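# Breakdown of the fold
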Amino acid sequence: MKTIFDVLIIGGGIHGMHLFHLIKKRTGNRLLVGVADPNPAPLHNWKHCTTNTGMDYLRSPEVHHIDIDPFALNRFCRNHHTLESKPFIAPNRRPSLELFNEHSQNVLSEYKLPDFWLQTFIKDIELDASGVKVISEDGEIHARHIIIAVGNGHQLDIPKWAQTLQNEGFPIHHIYSPDFSLQNYNEGFHTVVVGNGMGAVQTFIKLAELHPGKITLVTKEKIKVSDYDLDPGWMGPKHLQKFYSEKEHSKRRALIKSARKGGTITSDISQKLKQSLKRNNVTHVIETIESAELFGSDSAYLKLVNGEYLFCNQILLGTGFSSVLNSPLIQNLKNNKDLRCSECGYPIVDPFLRWHDHISVTGELAELEIGPAARNIIGARHAGERIKILF
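### Some words on the environment of Lys247
Relative to the helices and strands, Lys247 is located in the loop between α8 (237–245) and α9 (249–259). Along the sequence, Lys247 and Asn184 sit 63 residues apart, while their C-alpha atoms lie 49 Å from each other. Within the structure, the side chain of Lys247 is placed 3.2 Å from the backbone oxygen of Tyr244, a separation counted as a polar contact.

### Regarding the sheet that holds strand β18 (residues 314–317)
Strand order in the open sheet formed by five strands is β9-β18-β10-β11-β14, with parallel pairing between adjacent strands. The open sheet has two edge strands with one neighbour each: β9 (172–174) and β14 (283–286). Each strand of the sheet is rotated relative to its neighbour by a mean of 20°, with strand direction disregarded. Relative to β14, strand β11 (residues 215–219) runs parallel, the two being bridged by four bridges. For Leu217, the partnering residue across the bridge sits in β14 and is His284.

### Some thoughts on the nonpolar core
Counting 74 residues, the largest nonpolar core has Leu8, Ile9, Ile125, Ile146, Ile148 and Ile359 as its most contacted members. In this structure, Ile9 is in contact with Gly16, Leu19, Phe20, Val33, Gly34, Val35, Ala36, Ile147 and Ala149, ignoring residues within four places of it in sequence. Ranked by size, the runner-up nonpolar core spans 22 residues in total, among them Val193, Ala208, Ile265 and Val282.

### Overview of the packing of aromatic side chains
A full pass over the atoms with the stated rule returns twelve aromatic pairs. Taken together, a centroid distance of 5.4 Å and an interplanar angle of 55° make the contact between Trp46 and Phe100 tilted. Taken together, the residues Trp46 in helix α2 (residues 44–52) and Phe100 in helix α4 (residues 97–108) connect sequence positions 54 residues apart. Judged by its relative accessible area of 0%, Phe100 is buried. Taken together, the ring pairs in this structure connect Phe20, Tyr111, Phe116 and Trp117 into an aromatic cluster. Directly above the aromatic system of Phe88 lies the positively charged group of Arg93, at a separation of 4.0 Å from the ring centroid. Sitting over the face of the ring of Tyr346, Arg253 holds its NZ or CZ atom 4.1 Å from the ring centroid.

### Details of the packing of α2 against α4
It is the contact of α2 with α4, at a shortest axis distance of 12 Å, that shows an interaxial angle of 170°. In terms of their interaxial angle, α2 and α4 are classed as roughly antiparallel. With respect to the hand of their crossing, α2 and α4 are arranged in left-handed fashion. Within the contact between the two elements, α2 uses Trp46, Lys47 and Thr50 and α4 uses Leu97, Phe100, Asn101 and Gln105. In terms of residue class, the contact of α2 with α4 is built from three nonpolar, three polar and one charged.

### Description of the sheet that holds strand β16 (residues 299–304)
Spatial strand order, β15-β16-β17: three strands in an open sheet with antiparallel pairing. Looking along the sheet, the strands with just one partner apiece sit at the ends: β15 (289–295) and β17 (309–312). If you compare each strand with its neighbour and ignore which way they point, the axes differ by 20° on average. Across the sheet, helix α6 (residues 160–167) lies against β15 and β16, angled at about 15° from β15, the strand it touches most.

### Details of the pairing of strand β6 (residues 122–128)
Across six bridges, the pairing between β6 and strand β7 (residues 131–136) is antiparallel. Residue pairing in the sheet places Glu126 in a bridge with Lys133 of β7.

### So, a nonpolar patch on the surface
Judged by side-chain polarity, Phe295, Tyr309 and Phe311 come together as a nonpolar surface patch covering roughly 340 Å² of accessible area. You can see Phe311 is positioned in strand β17. On the basis of relative accessibility, which here comes to 47%, the residue Phe311 falls in the partly exposed class.

### Description of the pattern of salt bridges
In this structure the tally under the stated criterion is 19 salt bridges. Glu364 is the salt-bridge partner of Arg375, the closest N and O atoms lying 3.6 Å from each other. A residue pair is termed long-range when its members are at least 10 positions apart, and Arg375 in the loop between α12 (367–370) and α13 (377–387) and Glu364 in the loop between β20 (359–361) and α12 qualify at eleven residues. Overall, the relative accessible area of 36% leaves Arg375 in the partly exposed class. Taking relative accessible area as the criterion, Glu364 reaches 6% and is therefore assigned buried. In this structure, the salt-bridge partner of Arg375 is Glu367, at a minimum N-O distance of 2.6 Å. Judged by relative accessible area, Glu367 falls into the buried class, the value being 0%. Among the ionic contacts, a cluster of salt bridges with common partners joins Arg253, Glu364, Glu367 and Arg375.

What counts and what doesn't
- Residues numbered from 1 in each chain as written.
- Predicted model: local features only at pLDDT ≥ 70, side-chain atom pairs only at ≥ 80, totals over all residues.
- Heavy atoms only, no water.
- Helix = DSSP H or I, 4+ residues; strand = E, 2+ residues; numbered from the N terminus.
- Polar contact = N/O pair within 3.5 Å; in protein donor to acceptor, adjacent residues only side chain to side chain.
- Pairing = 2+ DSSP bridges.
- Axes fitted to C-alpha atoms, helices over the stretch in contact; angles between N-to-C directions.
- Core = buried A, V, L, I, M, F, W, Y, C linked by side-chain atoms within 4.5 Å.
- Buried < 20%, exposed > 50% of the residue type's maximum accessible area, 1.4 Å probe, protein only.
- Contact = heavy atoms within 4.5 Å.
- Phe/Tyr/Trp six-rings, centres within 6.5 Å; stacked < 30°, edge-to-face > 60°.
- Lys NZ or Arg CZ within 6 Å of the ring centre and 35° of its normal.
- Parallel < 35°, antiparallel > 145°, perpendicular 65-115°, else oblique.
- Left-handed = near helix turned anticlockwise from the far one by under 90°.
- Nonpolar A, V, L, I, M, F, W, Y, C, P; charged D, E, K, R; others polar.
- Patch = residues over 30% accessible without salt bridge, like charges linked within 9 Å, V, L, I, M, F, W, Y side chains within 5 Å.
- Areas by Shrake-Rupley, 256 points an atom, 1.4 Å probe, with all protein chains shown as cover.
- Salt bridge = Lys/Arg side-chain N within 4 Å of Asp/Glu carboxyl O.

Scope: geometric values only; no functional claims are made or implied.
Structure below.
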């Protein structure tokens, strides 16, 4: 394992790999750039999560991807991709997951994995005058500059009632857990899928087709439909001018919170849900789960706020993620007096997304500078435009 880099990117997801590709293209062989990630290959967690939910098409448009030229995916589709009859769907030509992944693989194929990939878990980061010392489970790594591109993929949001059942050994899985695969789904007597968003609903639709009459979807409120998880105006100057003009971090945080549309599904998925409920003899319950208890040796009952009960012998959680701020690595960094944070707990960074002279951030950690779309694929591209200036 290489241990000395000019630039080390922590996180090999969409943000990390876009930045890796961007910096390599900008600097050529002038800089030694590495990517540290606990998974065996780039985009591993992205592929795992999207496969688990049965995703067919992305929510973002064709110009959002890991390459540099916005039209690269479209060009790749015309020149190389022939496996599908419908590689894009409306609105705004959303690409299929298959096409997006093939294009990503093509972008990264010019790099040899052993030359840049470090499969290791990062435990801590120490700063000094000349650079950064990264403490991994496999030893120390030194870099002049690091880019923290970790997502919240390992910060699963598990309700307290579900934690209680888990502790008692009941089969309850989060759909984004690394150790759960929809392909290895164990068909039980009855399964409850919990969650309002795209992941939960797509998982429910997939299982309803495979196991009609044996799946129930539970959402805490009526599912809202939105083709994007935030107004597209936040992806460009239409809304961002107002955001950038606001200097108070608390007011920027309020704008971010009001802009994001969590727990929504696209119109095409909404239509598929309606069709599934009609033809597959499955149920959608709109109510909050208050508590849960074991019932017999292999079942549990969920008590709803309205006083009713649901019985099941397996639960799948599509309850999303908690903040990346909850990760041990970020918690450790926040204890460093040289790294400033706002009242909401997020890093205060400069226009080049530097949290420190030797540390840049992207994704959720860059929200107070990039805006509400920071977590999205377009957020990786916006971050790249800022960070590339440093190199």
